[in-house]
There are 2 protein chains.
Amino acid sequence: MKNICLILEYLGTNYCGFQRQKNGLTIQEVLENTIEECLGEKCKTYPSGRTDAGVHALGQVVNFFTSTTVQPEKISVVLNLKLPKDIRVVKSFEVDSNFNSRKSAKSKTYIYKIFTGHELSVFDHGRVLFCYYKLDLDKMLKACKLIEGEHDFSSFVASNATTKTTVRTIYKATLEKTGDWLTFSVTGNGFLYNMVRILVGSLIEIGRGKLSLEEFEKVLLGNARHKAGKTVSPDGLYLKEVEY
Amino acid sequence: MKNICLILEYLGTNYCGFQRQKNGLTIQEVLENTIEECLGEKCKTYPSGRTDAGVHALGQVVNFFTSTTVQPEKISVVLNLKLPKDIRVVKSFEVDSNFNSRKSAKSKTYIYKIFTGHELSVFDHGRVLFCYYKLDLDKMLKACKLIEGEHDFSSFVASNATTKTTVRTIYKATLEKTGDWLTFSVTGNGFLYNMVRILVGSLIEIGRGKLSLEEFEKVLLGNARHKAGKTVSPDGLYLKEVEY
């Protein structure tokens, strides 16, 4: 059996997230069905992590075990012929048998796109958060610096999440402005359920002047959890890369 | 009755073109239904021209007559609340009663996007032509110069088109390269059915070395109509602007 690693790009708009579920079509279901159709084998796929409904990926990593004789590098070509146009295998290659997309990952990078212009173009719908508030970029940049480091992110997790520990380390958090566009980029050793979206919601509150940097620091210390921002739309969120 | 002009942006992917028809959903049907719903009046809309199934618009122009008391500039806001997310009114304003989007137009500009990179991203699917041939840009630029001017474009029209005259004047035809992207831009006093798509098909044949500049000149003189390129996909075509 070979352990095959896939780098996936997908537009999450039409899917109920990555992980297989009964209530709707998921990336995993489509991917596993396509693998079965193309390689003639039922294979379970292991992602670096789930992405929620509507969340996109530029570099999701998935591995699976197969006895196919198709060359590892050609598996991407074979799968792309059958995959729908909103899911694409960027690359496929063989990895060590003990490689696991999730457990072997050292860090992950997400980006979140925000549009602050007059009106959102039809071409960007579903791919960005449209923010109609005036934002103080300088304060948001300072907040990014506060996010970096090891913190208990218990204030930045969906209320229905179950997890052993809420401590995570953020290696880098940046915000870049290009014209009417803001891109928040965050790299960390792990992310809690909805964490990036709540961080972005908090950054927007800070930019709007609804949350001060001092209060945000308290939230990061776990002392003002009700003051964390809202969970913003999945539209602007992209799993950019998984680092090993 | 006021004559109202709308500037429209749309993603053509999910529509059977602009013009109302029995066989599928069109931009015009959605727009007229939304006008009726929002302004309480059945209004016929007059576009600057049809766009085909799958063709997009950055600045389609449409006018219609209405007795609504909604301020002309606010009509865009009202319609955008009800329009689907792939159709958007960029602007609305009152125009002279004898203004007609099609007849009053002096010229129109279309752009066509071509991607020449390794593999098309899921985020660009349906919005660009993916061209896997190596193209000679220099020859294509020379062909653009040949397109400019008054010509009988009878070799660049869909075979089922009916039109009085096939003579059109192209004021400007350019091709710009940005990384793996090519953008063909063409401004003319009018365009025949499928004309831009056949021009792009011909440019690609020239870029591939399958059609020489000399042959292309003959096609433009109407002497080698079978040598014109294929009608390329609507995916990369955008009605950019209508000039009055």
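Residues numbered from 1 in each chain as written. Chains lettered and ligands numbered in written order. Predicted model: local features only at pLDDT ≥ 70, side-chain atom pairs only at ≥ 80, totals over all residues. Heavy atoms only, no water.

The next thing to look at is the overall build of chain A. Across its full length, chain A holds five helices and 10 strands. Scored against the burial criterion, the 244 residues of chain A give a buried share of 54%. Taking all contacts inside chain A whose residues are at least 6 apart in sequence as the whole, residues at least 24 apart take part in 70%. For chain A, the exposed area adds up to about 11900 Å²; of that, 49% sits on carbon and sulfur atoms. (Helix = DSSP H or I, 4+ residues; strand = E, 2+ residues; numbered from the N terminus. Buried < 20%, exposed > 50% of the residue type's maximum accessible area, 1.4 Å probe, protein only. Contact = heavy atoms within 4.5 Å. Areas by Shrake-Rupley, 256 points an atom, 1.4 Å probe, with all protein chains shown as cover.)

The partner chain A presents 20 residues to the 20 residues of chain B that form the contact. With both chains or domains summed, chain B and chain A bury close to 1600 Å², and 58% of this area falls on carbon and sulfur atoms. Applying the counting rule to chain B against chain A returns two salt bridges. Here chain B and chain A share 12 residue pairs in polar contact (both at pLDDT 80 or more) between them. Those elements that provide at least two residues to the side of chain B that touches chain A are β1 (2-10), β3 (56-66) and β4 (87-95) of chain B. Looking at the side of chain B that touches chain A residue by residue, the class counts come to 10 nonpolar, four polar and six charged. (Buried area = accessible area lost by both parts, 1.4 Å probe. Salt bridge = Lys/Arg side-chain N within 4 Å of Asp/Glu carboxyl O. Polar contact = N/O pair within 3.5 Å; in protein donor to acceptor, adjacent residues only side chain to side chain. Nonpolar A, V, L, I, M, F, W, Y, C, P; charged D, E, K, R; others polar.)

A word on the packing of helix α3 (residues 137-147) of chain A against helix α4 (residues 195-208) of chain A. All names here are of chain A. Running from N to C, α3 and α4 point in directions that differ by 140°, and their axes come no closer than 8 Å. Relative to α4, α3 is oriented oblique. Between α3 and α4 lies a crossing of right-handed hand. In this structure, α3 uses Lys 139, Met 140, Ala 143, Cys 144 and Ile 147 to contact α4, whose residues at the interface are Leu 199, Leu 203, Ile 204, Ile 206 and Gly 207. Within the contact of α3 with α4, the residues separate by chemical class into eight nonpolar, one polar and one charged. (Axes fitted to C-alpha atoms, helices over the stretch in contact; angles between N-to-C directions. Parallel < 35°, antiparallel > 145°, perpendicular 65-115°, else oblique. Left-handed = near helix turned anticlockwise from the far one by under 90°.)

Time to look at the nonpolar core. In terms of nonpolar packing, the biggest core is built from 66 residues, with A:Phe156 and A:Phe184 touching the most fellow members. No other element matches the eight residues that α4(A) contributes to this core. In terms of domain composition, this core takes at least three residues from each of domain 1 (2-95) and domain 2 (107-243) of chain A. For A:Phe184, the contacting residues outside a window of four places in its chain are A:Tyr110, A:Ile111, A:Tyr112, A:Cys144, A:Ile147, A:Ala173, A:Thr174, A:Leu175, A:Val196, A:Val200 and A:Leu203. Counting residues in each nonpolar core, the second largest holds 65 residues, with B:Tyr10, B:Phe191, B:Leu211 and B:Val219 among its members. (Core = buried A, V, L, I, M, F, W, Y, C linked by side-chain atoms within 4.5 Å. Domains from an automatic or database assignment.)

Here the focus is the relation of the copies chain B and chain A. Rotating chain B by 180° and moving it 0.0 Å along the rotation axis overlays it on chain A with an RMSD of 0.0 Å. Seen this way, the second copy is the image of the first under a two-fold rotation axis. For chain B, the smallest separation between a C-alpha atom and the rotation axis is recorded for B:Phe123, amounting to 5.0 Å. The overlap is high: 100% of the interface residues of chain B also sit at the interface in chain A, so the same surface is used on both sides. (Least-squares fit on C-alpha atoms with pLDDT ≥ 70 in both.)

Moving on, we get to a nonpolar patch on the surface. On the surface, A:Met1, A:Tyr46 and A:Phe65 cluster together into a nonpolar patch covering about 320 Å² of accessible area. You can call A:Phe65 partly exposed: its relative accessible area is 31%. (Patch = residues over 30% accessible without salt bridge, like charges linked within 9 Å, V, L, I, M, F, W, Y side chains within 5 Å.)

This part takes up the environment of B:Lys106. Residue and element names in this part refer to chain B. Structurally, the position occupied by Lys 106 is in the loop between β4 and β5 (107-115). Overall, Lys 106 belongs to the exposed group, its relative accessible area being 59%. Setting aside residues no more than four positions away along its own chain, Lys 106 makes contact with Tyr 171, Asn 189, Glu 243 and Tyr 244.

All names here are of chain A. Assigned domains within chain A: domain 1 (2-95) and domain 2 (107-243). A straight line from the C-alpha centre of domain 1 to that of domain 2 covers 27 Å. Listed as interface residues are 16 residues of domain 1 and, on the opposing side, 16 residues of domain 2. Summing both sides of the interface, domain 1 and domain 2 together bury roughly 1100 Å²; the carbon and sulfur share of this comes to 58%. Of all residues in domain 1, the largest losses of buried area upon contact with domain 2 belong to Asp 52, His 56 and Leu 58, amounting jointly to 42% of the total for that side. Summed over the shared surface of domain 1 and domain 2, the number is one salt bridge. Here Arg 197 and Asp 52 are joined by a salt bridge, their closest N and O atoms 3.3 Å apart. On inspection of domain 1 and its partner domain 2, the count reaches nine residue pairs in polar contact (both at pLDDT 80 or more). Here the residues of the side of domain 1 that touches domain 2 are counted per class, giving six nonpolar, eight polar and two charged.

We now examine the side chain of B:Gln28. Residue and element names in this part refer to chain B. Residue placement: Gln 28 occurs in helix α1 (residues 27-39). Its relative accessible area of 4% is what places Gln 28 among the buried residues. Separated by 2.9 Å, the side chain of Gln 28 and the backbone nitrogen of Arg 20 make a polar contact. Contacts of Gln 28, omitting those with residues within four sequence positions, involve Phe 18, Gln 19, Arg 20, Lys 44, Thr 45 and Pro 47.

Residues at a pLDDT of 70 or more form 100% of chain A, whose mean pLDDT is 95. Here the predicted complex scores 0.90 on pTM and 0.88 on ipTM. (pLDDT = per-residue confidence, 0-100.)

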